[in-house]
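Residue-level listing of the chains:
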Amino acid sequence: MIDQFIEGFGMAMRLDTVTMVAIGLFAGMLVGSLPGFTTLMAMAILLPISFFMDPLVGIPFLLGIYKGGIFGGSVPAILLSMPGTGAAVATSRDGYKLTQQGKSRKALDMALFASASGDTFSDIFTIMMIFPIAFLVMQFGPPELFAVLLMSLVIIAATSAANPVKGLVMMMLGLWLSFIGTDPLGGVERFTFGLFDLRSGIPLLPMLIGVFAIPEVASIVIRNEKGRKLAALMGERLKLHEFRRCARTIGRSTLIGTGIGIIPGLGQIVAAMMGYSAAKNASDHPETFGEGELEGVAAAEAANNAVNGPTLVPLLTLGIPGDNVTAILLGAFVAQGLRPGPELFEQQGATVFAILVAMVMANILFVVIGYLAIPFFSRLVTIKTSILIPVVIMFAFAGTYVFRSDSTDLLILVAFGAFGIIAKAAKFDVMPMVMGFILGPSMEYAFGQTVAMSNGDALGFFVTERIGAMLILLATPFAGYLLWKRLYGKPKTKTTTTPTT
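No experiment lies behind these values; they were computed from the predicted model shown.

Participant: Describe the overall build of the chain, naming the residues involved and giving the relevant values.
Facilitator: Helices and strands together make up the secondary structure of the chain, namely 23 helices and 2 strands. Out of the 501 residues belonging to the chain, those deemed buried represent 54%. When contacts within the chain are restricted to residue pairs at least 6 apart in sequence, long-range pairs at least 24 apart make up 80% of them. Put simply, the chain shows about 21500 Å² of open surface, and 67% of that area lies on carbon and sulfur atoms.

If you want it as structure tokens, here you go:
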């Protein structure tokens, strides 16, 4: 493993890799700084560009967009109280108050340094833990793999919305869509409705751009946002003693974000809110949170960026995307010929290390680019979205077509775009559907192998030979229910205490 790490470190130091990481970071921050534009949209639109690059250039480029976009969302959150991403909602509580107090520069600096700190430590954790976890996963057989994939899908569906039934319905729809095409075990056509173009199944890229990017564009058009009053940078820069005062909060939020990142389906929004709540509860002056407290900005930003690295653990070891952004990353890995799973570590160990090292390196560039470009990004919040929307639509259609040069993909893009708009209006999260579509083939294959291994006695097989897989299957509904209750259950009445002085 040490040899693979050294080889991967050298591969990550390529000039073109470093350059594209920097470009990805800048692009992510730029899009994230535009109110209404999200990291998810940027990833979906720019995904096809990565297909024409070497894997060690294209994947780090997307990771740069991912990291930059999460931080970029804090810019409109702090300057306009308009979070550019869901992960920046908690940041806006104290960030905008600091802007009103003439301390916007201080808030943005804190967001930058807390984000980079949380991201760096969680990335190092990922590098240290991902190979031991991959080794553990290699011990899995088809029954264990099927049980883990099913549990992941149920957790994602249960935690995607307040109504778990909607999540489960979308998950089942995604599984059905994954069955369209030729049966991988029997070689028989299924659900093609006699259409030749569906024999090879539904292509992933048009679906991803359709259900993620098109509804975002539509929602911006529907809101018909106007130009905004310039929110100029004000106040002093962040001082060292102010950052040191928040060090404990940043450390706590990093641990929270790292833990949440490993669990598929939770993501940055949950991490940011939990990090913010934990900082407020642990503070000696909780009454200052929400009134312009720098610790509030640090807690939310460190937690949501700490998710970035660990969310790759389930993605690379099991092929399970942790959230909708890593679902797009999975599409990039597959398109580059890198199939996530235990075999990836056996066959491409040095490449995996190179990508992880590039993530850590990106954090250094993250600080430099962010610190120098904060004044530029702060002015982007005033650009009219009516100017940007046509460009985004052009990238969506061009990116979809150039991948296979098949006009059918454009029809699929439009169909899933319309479906995404309807689903969003009806408050159905498309994330469980996409996850079901991505994980469906692996689940079906593992299920087929499990049935063959059981020789017609599935219950006896699980009880006598696969007790671990059976326990995972039995725990699945309880895990889904407990996480759903934790996120959406009625809050308990909180007893207030007088803060110590």
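Participant: Any chance you could break down helix 16 (residues 324-335) for me, citing the residues and the numbers?
Facilitator: If you check helix 16, its first and last C-alpha atoms are 17 Å apart, about what 12 residues at 1.5 Å a residue would give, namely 16 Å. In terms of burial, helix 16 is a largely internal element, 9 of the 12 residues being buried. For helix 16, the full list of buried residues reads V325, T326, A327, I328, L329, L330, G331, A332 and F333. In the stretch just after helix 16, G337 is the one whose phi turns positive, near 80°.

Participant: Got a sec to walk through helix 9 (residues 164-179)? Specific residues and values, please.
Facilitator: Residue pairs three or four apart in sequence face the same way in an α-helix, which turns once every 3.6 residues. Over its 16 residues, helix 9 extends 23 Å from the first C-alpha to the last, a length consistent with the 22 Å expected when each residue adds 1.5 Å. Those residues of helix 9 not exposed but buried are G167, M170, M171, G174, L175, L177 and S178. Angular distribution of buried residues about the axis of helix 9 spans 160°; they occupy a single face of the element. A positive phi of about 120° marks G181, the residue just after helix 9.

Participant: Could you give an account of the pattern of salt bridges, with specific residues and numbers?
Facilitator: Applying the stated criterion across every chain, the model contains 10 salt bridges. Taking the shortest distance from any N to any O, the salt bridge between E242 and K106 comes out at 3.1 Å. Taken as a pair, E242 in helix 11 (residues 240-245) and K106 in helix 7 (residues 104-138) lie far apart in primary sequence, 136 residues in all. On the basis of relative accessibility, which here comes to 7%, the residue K106 falls in the buried class. A single network of salt bridges, built from pairs that share partners, joins R14, D16 and D54.

Participant: Can you explain a nonpolar patch on the surface? Please cite residues and give values.
Facilitator: A surface patch of nonpolar side chains, amounting to about 480 Å² of accessible area, comprises I2, F5, I6, F9 and M13. Mapped onto the elements of the fold, M13 is located in the loop between helix 1 (2-12) and helix 2 (15-33). Residue M13 is classed as partly exposed on the basis of its relative accessible area of 40%.

Participant: Explain the packing of aromatic side chains to me, using residue names and the numbers behind them.
Facilitator: One pass over the structure, following the stated rule, counts 7 aromatic pairs. Ring geometry for F26 against F376: centres 6.0 Å apart, planes inclined by 15°, an arrangement best described as stacked. Residue F26 is located in helix 2, and its partner F376 is located in helix 18 (residues 349-380); the two are separated by 350 residues in the primary sequence. A residue is classified by how much of its surface remains accessible, and F26, at 33% relative accessible area, is partly exposed. Ring geometry for F113 and Y371: centres 5.9 Å apart, planes at 35°, overall tilted. Of the two residues, F113 is situated in helix 7 and Y371 in helix 18; the sequence distance between them amounts to 258 residues. You can call F113 partly exposed: its relative accessible area is 25%. When the ring centre of Y371 is taken as origin, the NZ or CZ atom of R105, which lies over that ring, is 5.3 Å away. Over the ring of F428 we find K166, and its NZ or CZ is 5.0 Å from the ring centre.

Participant: An account of unusual backbone geometry is requested, with residue identities and associated values reported.
Facilitator: Phi angles above zero are rare outside glycine, and F191 is one such case at about 55°. One non-glycine residue, K427, lies in the positive phi region at around 60°. Along the chain, K427 falls in the loop between helix 20 (407-425) and helix 21 (431-454). We classify K427 as exposed; its relative accessible area is 64%.

Participant: Lay out the environment of F377 with the relevant residues and their values.
Facilitator: Looking at the secondary structure, you find F377 in helix 18. Taking C-alpha positions, F377 is 7.5 Å from M29, a pair spaced 348 residues apart along the chain. Other than its neighbours up to four places away in sequence, F377 contacts F26, M29, L30, S33 and V75.

Participant: Tell me about the packing of helix 21 against helix 22 (residues 458-465), and please be specific about residues and values.
Facilitator: Packing of helix 21 against helix 22 leaves a shortest axis separation of 8 Å and a crossing angle of 90°. Between helix 21 and helix 22, the crossing angle belongs to the class labelled roughly perpendicular. Counted together, T450, M453 and S454 of helix 21 and A458, F461 and F462 of helix 22 form the full contact between these two elements. Counted by class, the contact of helix 21 with helix 22 contains 4 nonpolar, 2 polar and no charged residues.

Participant: Go over the packing of helix 2 against helix 4 (residues 55-72), please, and point to the residues and values.
Facilitator: Direction vectors running N to C along helix 2 and helix 4 enclose 30°, while the axes themselves pass 6 Å from each other. Comparing their axes, helix 4 and helix 2 come out roughly parallel. Seen along the crossing, helix 2 lies across helix 4 with a hand that is right-handed. Each of D16, T17, M20, V21, I23, G24, L25, G28, M29, G32 and S33 in helix 2 lies in contact with helix 4, whose residues at this interface are L56, V57, P60, F61, G64, I65, K67, G68, G69, F71 and G72. Along the lines of polarity and charge, the residues of the contact of helix 2 with helix 4 split into 11 nonpolar, 9 polar and 2 charged.

Cut-off values and rules
Residues numbered from 1 in each chain as written. Predicted model: local features only at pLDDT ≥ 70, side-chain atom pairs only at ≥ 80, totals over all residues. Heavy atoms only, no water. Helix = DSSP H or I, 4+ residues; strand = E, 2+ residues; numbered from the N terminus. Buried < 20%, exposed > 50% of the residue type's maximum accessible area, 1.4 Å probe, protein only. Contact = heavy atoms within 4.5 Å. Areas by Shrake-Rupley, 256 points an atom, 1.4 Å probe, with all protein chains shown as cover. Expected span 1.5 Å × (residues − 1). Arc of directions from axis to C-beta. Salt bridge = Lys/Arg side-chain N within 4 Å of Asp/Glu carboxyl O. Patch = residues over 30% accessible without salt bridge, like charges linked within 9 Å, V, L, I, M, F, W, Y side chains within 5 Å. Phe/Tyr/Trp six-rings, centres within 6.5 Å; stacked < 30°, edge-to-face > 60°. Lys NZ or Arg CZ within 6 Å of the ring centre and 35° of its normal. Axes fitted to C-alpha atoms, helices over the stretch in contact; angles between N-to-C directions. Parallel < 35°, antiparallel > 145°, perpendicular 65-115°, else oblique. Nonpolar A, V, L, I, M, F, W, Y, C, P; charged D, E, K, R; others polar. Left-handed = near helix turned anticlockwise from the far one by under 90°.

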